Amino acid sequence: MADATRTPRCIEETKIYLSVSPCTLALLDSVCRFYSTPGRCQPMATLPILGHLLPLLLVIGTRGTAPSPQSAPQGCYRAEEAGERTFRCSQAGLSAVPSGIPNDTRKLYLDANQLASVPAGAFQHLLVLEELDLSHNVIAHLSGASFQGLAGTLRHLDLSANQLAWVPLEAFIGLQVQVNLSANPWHCDCALQEVLRRVRLMPGTATGIVCGPGARSDLVGQEFLPLAEEEELCGPGPGGTQRSTDVALLVTMGGWLVLVVAYLAHYVWQNRDEARRPQKPAATLPVRSEDSSTLSTVI
C-alpha cells in the first residue's frame, strides 16, 4: 500500500507527469470515467484493478515513442538521393539560411532563393555535410567563417550566379573543396587572385569567372584566369607586384651603394689622419760586445 501511495494519486496527475501517446491518454480517460465518481478521480489505492492495469497501459502507450523531429521549413523537404541524406530547399522563397536542417544531412540545396549573405557558422552543426548548393541567390557577402566547421567534410560548394564581387580568403582556409564561382560580378582584384590560388574550381566553370562592372576598366567583361596568369594583381596598378619588386630592388641597391661610399670615405679620412701624424725615429737596438767581436772576426 505504501508503494501505491507514492504513485500519482489519480490518472489526471499521471497524464501530467508521464509523456504518453494520444491513444493511451484517451484510454486512460475512459478508464478514469469508468472507475471514478463524476468530476474527480479516486485514489489509486482504492482501485486495485486499475493499479495493475495502469503500468501495462503505460508500457503499451509509450512503446516505440520518440520526440517528434523539428518540422522542416516551408518549401523544404528531406529525401534519399543515391543513398545520401539530402535536404532540399530549392525555390523556397528563403531570405536567410533556415533553421531546422537535420544534422545528418550530406547534401544541402538552398539554390534559387533570395539569400543575400551567409553568416558565420551558418552550417557548423552539419558535421557530415559533403555538398552545399547556394547558387542562383543574391549573395553579396560571405563571412570569413561562413563555412566554419565544414573543413573535414565539404567536397563541393556552388556559389555560382550570385552577386559576389569579392570573397575573403579566410572563408576557404582549411577547405578541401571544389568550388563553382562562375556568373558573379567579380572585381578581379588581388583578393580573387589569392582565392583562386587556394581553391580548386569545379571542372568546366573557370571560363565563367568574368570581371564585372566594378573591375578595372580594361578588365571588364574579360575572363579572369587568363589575366591572372599574365598579370600579378596584388599591387598598385598593372603589374603591381612586379613594379613593387623593382622599386624594392632599386632601394636595396641604393642602400648598398650608400654603405660602400660611406666605408670608402671613412677609410680615406682615417688614412689621411695617419699621414698627418709626425713620424717617430726608429729605435736602435743595443749591440752586445760578443756580437761585435764575432762580426769583426768574420770580416
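All values derive from a computational prediction rather than experimental measurement.

**Observations regarding the confidence of the model for the chain**
Interpreting fine coordinate detail is not advised for predicted regions of low pLDDT. Across the chain, pLDDT averages 77, with 63% of residues at or above 70. Every residue in residues 43-47 is under pLDDT 50, and counting partners more than four places away or in other chains gives 11 contacts. For residues 237-243, every residue scores under 50 in pLDDT, and the model assigns this stretch 12 contacts once sequence neighbours within four places are set aside.

**Points about the packing of aromatic side chains**
How two aromatic rings sit relative to each other is given by the distance of their centres and the angle of their planes. All told, the structure shown has one aromatic pair when counted by the stated rule. Ring geometry for Phe147 against Phe172: centres 6.2 Å apart, planes inclined by 40°, an arrangement best described as tilted. One end of the pair, Phe147, is in the loop between strand S6 (141-142) and strand S7 (156-158); the other, Phe172, is in the loop between S7 and strand S8 (178-180), and 25 residues separate them in sequence. There is no split in this pair, since Phe147 and Phe172 are both buried. The side chain of Arg88 reaches across the aromatic face of Tyr109, ending 3.9 Å from its centre.

**Describing the state of the cysteines**
This structure, assessed with the given rule, holds three disulfides. At a sulfur-sulfur separation of 2.1 Å, the disulfide partner of Cys188 is Cys211. Its S-S torsion of approximately -110° makes the covalent link between Cys188 and Cys211 left-handed. Remark: Cys211 occurs in the loop between strand S9 (200-201) and helix H6 (224-230) and Cys188 occurs in the loop between S8 and helix H5 (190-198); sequence separation between them is 23 residues. Considered together, Cys188 and Cys211 belong to a single accessibility category, that of buried residues.

**With respect to H5**
Inspection of H5 places Leu192, Gln193, Val195 and Leu196 among the buried residues, and these make up the whole buried set. Buried residues of H5, viewed axially, fall in a sector of 160°; they line one side. Elements that come into contact with the buried residues of H5 comprise S9 and H6.

**A short note on the sheet that holds S9**
The pairing of strands in a sheet comes from backbone hydrogen bonds and takes either a parallel or an antiparallel form. Read across the open sheet, the seven strands follow the order S1-S2-S3-S5-S7-S8-S9; overall the sheet is mixed. If you trace the sheet from one side to the other, it starts and ends with strand S1 (77-81) and S9, each paired once. Pairing between strand S5 (residues 131-133) and S7: three bridges, direction parallel. Paired with Glu131 across the strands is His156, a residue of S7.

**Description of the nonpolar core**
In terms of nonpolar packing, the biggest core is built from 45 residues, with Phe123, Leu134, Phe147, Leu159 and Phe172 touching the most fellow members. Where this core is concerned, the elements lending two or more residues are H5 and H6. Not counting residues within four places of it along the chain, the set of residues in contact with Phe147 comprises Phe123, Leu132, Leu134, Leu142, Leu157, Leu159, Ala171, Phe172 and Leu175.

**Some words on the side chain of Asp111**
The residue Asp111 is located in the loop between strand S3 (107-109) and strand S4 (117-118) in this model. No salt bridge is formed by the buried Asp111. Its closest oppositely charged neighbour is Arg88, at 5.1 Å. Not counting residues within four places of it along the chain, the set of residues in contact with Asp111 comprises Cys89, Ser90, Gln91, Asp133, Ser135, His136 and Asn137.

Conventions adopted
Here the residue index of a chain counts from 1 through its sequence in written order. For a predicted model such as this one, the threshold for reporting local features is a pLDDT of at least 70, and the threshold for listing and counting side-chain atom pairs is 80 or more; totals across whole chains, interfaces and linings nevertheless cover every residue. Calculated side-chain values reflect all of the structure's heavy atoms, with hydrogen atoms and water omitted. Every residue gets a pLDDT, meaning the predictor's confidence in that residue, from 0 to 100. Pairs of residues are marked as contacts when any of their non-hydrogen atoms sit within 4.5 Å. Two rings from Phe, Tyr or Trp (for Trp, the six-membered ring) form a pair when their centres are within 6.5 Å of each other. A pair whose planes differ by under 30 degrees is stacked, one over 60 is edge-to-face, and the rest are tilted. Only DSSP runs of H or I covering at least 4 residues are called helices, and only runs of E covering at least 2 are called strands; the numbering of each starts at the N terminus. Whether a residue is buried, partly exposed or exposed follows from its accessible area with a 1.4 Å probe, protein chains only, as a fraction of its type maximum: under 20%, in between, or over 50%, in that order. Two conditions define a charge sitting above a ring: the NZ of Lys or the CZ of Arg must be within 6 Å of the ring centre, and it must be within 35 degrees of the ring normal. Note on terminology: pairs of cysteine sulfur atoms within 2.5 Å are recorded as disulfides. Directions drawn from the helix axis to the C-beta atoms are what define this arc. Paired strands, in this sense, are two strands between which DSSP finds at least two bridges. Nonpolar core, defined: a set of buried Ala, Val, Leu, Ile, Met, Phe, Trp, Tyr and Cys residues in which side-chain atoms within 4.5 Å join the residues together. For the purpose of counting charges, residues Lys and Arg are taken to be positive, whereas Asp and Glu are taken to be negative. His and the chain ends are not included. A pairing counts as a salt bridge when a side-chain nitrogen of Lys or Arg comes within 4 Å of a carboxyl oxygen of Asp or Glu.

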